[in-house]
Amino acid sequence: MRQSAGSELCAVPVQRGFICLIAAGRSPSRAKLAVRFVLSVSSLLPSSFPNSKMKDVDYAFLRDVANQLRIDAIASTDSSKSGHPTSCSSMAEIMSVLFFHTMKYKLSEPRDASNDRFVLSKGHAAPILYAAWAEAGLFPVSDLKNLRKIDSDLEGHPTPRLNFIDVGTGSLGQGLSVACGMAYVGKYFDKASYRVYCLIGDGESAEGSIWEAMHFASYYKLDNLCAIFDVNRLGQSEAASLGHNMEAYRKRAEAFGFNAIVVDGHDVEELVKAFHEASVSKNKPTAILAKTFKGKNFPDIEDLENWHGKPLGDKSNAVVEHLKNLIKNKGPYKINTAKELVEDAPKISISNIKLSAPPSYKLGENVATRLAYGTALAKIGSSNHRVIALDGDTKNSTFSDKLKKAHPEQYIECFIAEQNLVGVAIGCACRDRTVAFVSTFATFFTRAFDQIRMGAISQTNVNFAGSHCGVSIGEDGPSQMALEDIAMFRAIPGSTVFYPSDAVSTERAVELAANTKGICFIRTSRPETAVIYKNEEPFKIGQAKVVKQSANDQLLIIGAGVTLYEALAAADELAKAGIHARVIDPFTIKPIDAATIITNAKQAGGRIITVEDHYSQGGLGEAVQSAVALERDIIVHKLAVAAIPRSGPPKVLLNMFGIDAASIVKAAQQFVKQ
């Protein structure tokens, strides 16, 4: 609407989604008359925003709760002499409205499948999250003073050791992706009425993963998702880049397909209305952009720099006294948050997942392990419809598209946004709602290492399948070659690392991973390899296979994936020269089968050669070295990729970097002579 000269615009909220604009003269009396007219008209319209239930909202109560939460955050951070009370204060009204009005949840069962979900992406504000649950009645408020103590689970950032936390947060920019996964499951798998709320700091919104997640949420029309941006203007060391430019935030959110609502984040009435609008908005997610102030209601601290991550110390008493004077109702604040909860999330089981049919290959048949992975994924997806595949636009190379073709509703395309891909999978796996398999080229997981690391902290059960590993992919060159992926996944606490060598072992690795707690990684290869195991061959985590042996072996060769076949070829060649070599397929690199390796090494003269299509650091060789480190008279010689590779034919590259059969033969001959 074009504004005429000599007039001003009066904006009055009339009904959800509509703003009535009236051109009034510069005269204040005319402006007031215009507003009065609009208000009289709006009273005749159907009531949808606010709804009839809002007439009974006790806004004074919600304001009191917000200030009590501020007091709790100050007390807990003072007790621990560390923490972020000013970051908590900016979001106090948001937490009050969410936990004491908007969200529906069973207090007795915080992780009930039908409960609304809340993800605190700005995890450093954990004290006010703990305070909200305590004031709601989940645990004694006095426990808040155990914040950050060594024997308390009320850690500096949220941990899922607490029964009301779904995921660990604190590495910024990750919460919204997790919330997207939860919302996707709620809308498309559970088809339930629960909603997902994610609170994001304005500083962390500089992370690209936030915008990856916003694109995902909009693309999949996640109208059960509400992202709340706490725009308090201040970062850790200086002001955030956009400050309080709320129009810039609004334009960005709308550009990414969100229903964007700008509110005063300290006005509980505006927040109640905004959350209601989010709940009735259809076919798009909502972003509530809350203008707030760091240290709100903290005299001489509010909106000032250099207070990030600091307890109030000597100022605490004065601030708390000021906050107490703002509170009209001294509590307690317990309310029935489950009064409108709809228990419509279905009961499911994700245990004892099996292949719908056993492997069916012929010995000697050439099959790429990446193809066998896709076959197995489709099989377990057929036996349990809560098995899902997520991919980053590589499904026709990882062969996760086999599940999509068999059961398209069990596949989620995350496009080329690997950080969000991993975060969404973590969210999908929360509360044991799905068994998630994430696939892409193994090397691209390196850009999502932080998400994977946080997944371990979150005690997630997510399975990763990385294809195109090593120099054996050939002409694509080093940017596509995963050569550090084993080291990366081995470093993840509690992880299991599978490295199957043929189609049969790959199918069994997928089946085992689906039933294994923690993060699992399955490394698959691009080249076709011969089937060496019978279809009925049993496989166990941490149990290696001796694939070639004799009574007079002089050394042990350990290879995996393509290098297992180079080891077998080398053993045949060595035999012609009178040197007998035993060969082991480790199957899992973590845990490594130390007992089998030690026993066979001792029977083969105490000499081990490891050969791997991976950099030397952190791979198969170092896993074997760790396994035998305390054993006397066992020596390990490692063959691995020692430099950044280049494009070329796979066989040429294996030879160039000293991990082909000829290189193994040469190393073995020198080794035996020692």
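See the structure above.
Now for a description of the structure that goes with this document.

Scoring rules and cut-offs
Starting afresh in each chain, residues are numbered from 1 along the sequence in its written order. Owing to the predicted nature of the model, reporting of local features is limited to residues with pLDDT of at least 70; listing and counting of side-chain atom pairs is limited to 80 or more, with chain, interface and lining totals taken over all residues. Where side-chain values are given, they derive from all heavy atoms of the structure, hydrogens and water being excluded. By salt bridge we mean one thing: a side-chain nitrogen of Lys or Arg within 4 Å of a carboxyl oxygen of Asp or Glu. In this description a helix means any DSSP run of H or I spanning at least four residues, a strand means any run of E spanning at least two, and both kinds are numbered starting from the N terminus. Whether a residue is buried, partly exposed or exposed follows from its accessible area with a 1.4 Å probe, protein chains only, as a fraction of its type maximum: under 20%, in between, or over 50%, in that order. By this rule the span expected of a helix is its residue count minus one, scaled by 1.5 Å. Note on contacts: a residue pair is in contact if any heavy atoms of the two residues lie within 4.5 Å. Any two strands with at least two DSSP bridges between them are considered paired. Classification remark: right-handed applies to a crossover when, strands pointing away from the viewer, the course from the first strand over the helix to the second runs clockwise. Aromatic rings from Phe, Tyr and Trp, taking only the six-membered ring of Trp, are treated as a pair when their centres fall within 6.5 Å; an angle between ring planes under 30 degrees marks them as stacked, one over 60 as edge-to-face, and anything in between as tilted. Throughout this description, the term charge over a ring refers to an Arg CZ or Lys NZ atom that lies within 6 Å of the ring centre and within 35 degrees of the ring normal. To get an axis, a line is fitted to the C-alpha atoms, and for a helix only the part in contact is used. The angle between two axes follows their N-to-C directions and goes from 0 to 180 degrees. Comment on the angle field: the value is read as roughly parallel under 35 degrees, roughly antiparallel over 145, roughly perpendicular from 65 to 115, and oblique elsewhere. Note on convention: near helix rotated counterclockwise from far helix by under a right angle means a left-handed crossing. Clockwise means right-handed. Just so you know the grouping, Ala, Val, Leu, Ile, Met, Phe, Trp, Tyr, Cys and Pro go in nonpolar, Asp, Glu, Lys and Arg go in charged, and all remaining residues, Gly too, go in polar. Nine residue types can take part in a nonpolar core, namely buried Ala, Val, Leu, Ile, Met, Phe, Trp, Tyr and Cys, and a core is a set of them joined through side-chain atoms within 4.5 Å.

This model, assessed by the stated rule, comprises 31 salt bridges. Among the salt bridges present, the one from R70 reaches E93, with a minimum N-O distance of 2.7 Å. One end of the pair, R70, is in helix α2 (residues 59-80); the other, E93, is in helix α4 (residues 92-102), with 23 residues separating them in the sequence. We classify R70 as buried; its relative accessible area is 1%. We classify E93 as buried; its relative accessible area is 4%. Among the salt bridges present, the one from D553 reaches R582, with a minimum N-O distance of 2.8 Å. Note that D553 is positioned in the loop between β16 (545-548) and β17 (555-559) and R582 in strand β18 (residues 581-585), a separation of 29 residues in sequence. Judged by its relative accessible area of 3%, R582 falls in the buried class. Residues joined in a network through salt bridges with shared partners are K106, E109, D112 and E343.

This paragraph deals with helix α18 (residues 562-576). Compared with the 21 Å implied by 1.5 Å per residue over 15 residues, the 22 Å span of α18 between its first and last C-alpha is a close match. Of all the positions in α18, only V562, T563, L564, Y565, A567, L568, A570, A571 and L574 are classed as buried. If you follow the buried residues of α18, they end up packed against β15 (528-530), β16, β17, β18, β20 (607-615) and α22 (661-673). Backbone geometry just after α18 places G578 at a positive phi near 85 degrees.

Attention shifts here to the pairing of β17. The element β17 is largely enclosed, with a buried count of 5 among its 5 residues. Here β17 pairs with β18 via 4 bridges, running parallel. Residue pairing across strands places L555 opposite A581, the latter belonging to β18. Since β17 and β18 lie parallel, the crossover through α18 that links them has a hand, and here it is right-handed.

Where two aromatic rings form a pair, the distance of their centres and the angle of their planes describe that pair. For the structure on display, the rule yields 25 aromatic pairs. Judged by centre distance (5.7 Å) and plane angle (75 degrees), the ring pair of F498 and F587 falls under edge-to-face. With F498 in strand β13 (residues 496-498) and F587 in the loop between β18 and β19 (588-590), this residue pair connects regions lying 89 residues apart in the sequence. On the basis of relative accessible area, F587 is assigned to the buried category, the value being 0%. Every member of this aromatic cluster is reached through a ring pair, and the members are F99, Y105, F118, Y130, W133, F139 and F164. Directly above the ring of Y194 sits R117, whose terminal nitrogen or CZ lies 3.6 Å from the centroid. Stacked on the ring of F539, the Lys or Arg K545 has its end atom at 4.9 Å from the ring centre.

What follows covers the environment of F298. Summarising the element assignment, F298 is placed in the loop between β7 (286-291) and α10 (316-326). Considering only alpha carbons, one finds F298 and Q625, 327 residues apart in sequence, at a separation of 57 Å. Contacts of F298, omitting those with residues within four sequence positions, involve R70, I74, P85, T86, S89, L312, V319 and L323.

Right, let's get into the packing of helix α11 (residues 369-383) against helix α17 (residues 503-514). A pair of packed helices is captured by two measures, namely the crossing angle of their axes and the spacing between those axes. Following both chains from N to C, one finds α11 and α17 inclined at 45 degrees, their axes separated by 8 Å at the closest point. In terms of orientation, α11 and α17 fall into the oblique class. Relative to α17, the crossing made by α11 is right-handed. Of the residues in α17, those touching α11 at T369, A372, Y373, T375, A376, L377, K379 and I380 are A503, T506, E507, V510 and A514. Residues of the contact of α11 with α17, tallied by class, amount to 8 nonpolar, 3 polar and 2 charged.

Let us look at the nonpolar core. Within the largest apolar cluster, 88 residues are counted, with the highest numbers of intra-cluster contacts made by L390, I412, F464 and I608. If you tally residues by element for this core, the top one is helix α6 (residues 175-189), at 9 residues. Filtering out sequence-adjacent residues up to four positions away, I608 remains in contact with L556, I558, I597, A601, V624, V628, I634, I635, V636, H637 and F671. Residues W133, A274, W307 and L312 belong to the second largest nonpolar core, which totals 63 residues.

Glancing now at the sheet that holds strand β4 (residues 196-201). Sheet architecture is open: 5 strands sit in the order β3-β4-β5-β7-β6, paired in parallel fashion. Each having just a single partner strand, β3 (117-120) and β6 (259-264) make up the two edges of the open sheet. On average, adjacent strands in this sheet sit at an angle of 20 degrees to one another, irrespective of strand direction. Alignment of strand β5 (residues 225-231) against β7, held across 6 bridges, turns out to be parallel. The residue bridging V231 from the neighbouring strand is K291, located in β7. Across the sheet, α6 touches β3, β4 and β5, and the angle it forms with β4 is around 170 degrees. This element, helix α8 (residues 246-255), spans β5, β6 and β7 of the sheet and lies at about 170 degrees to β7.

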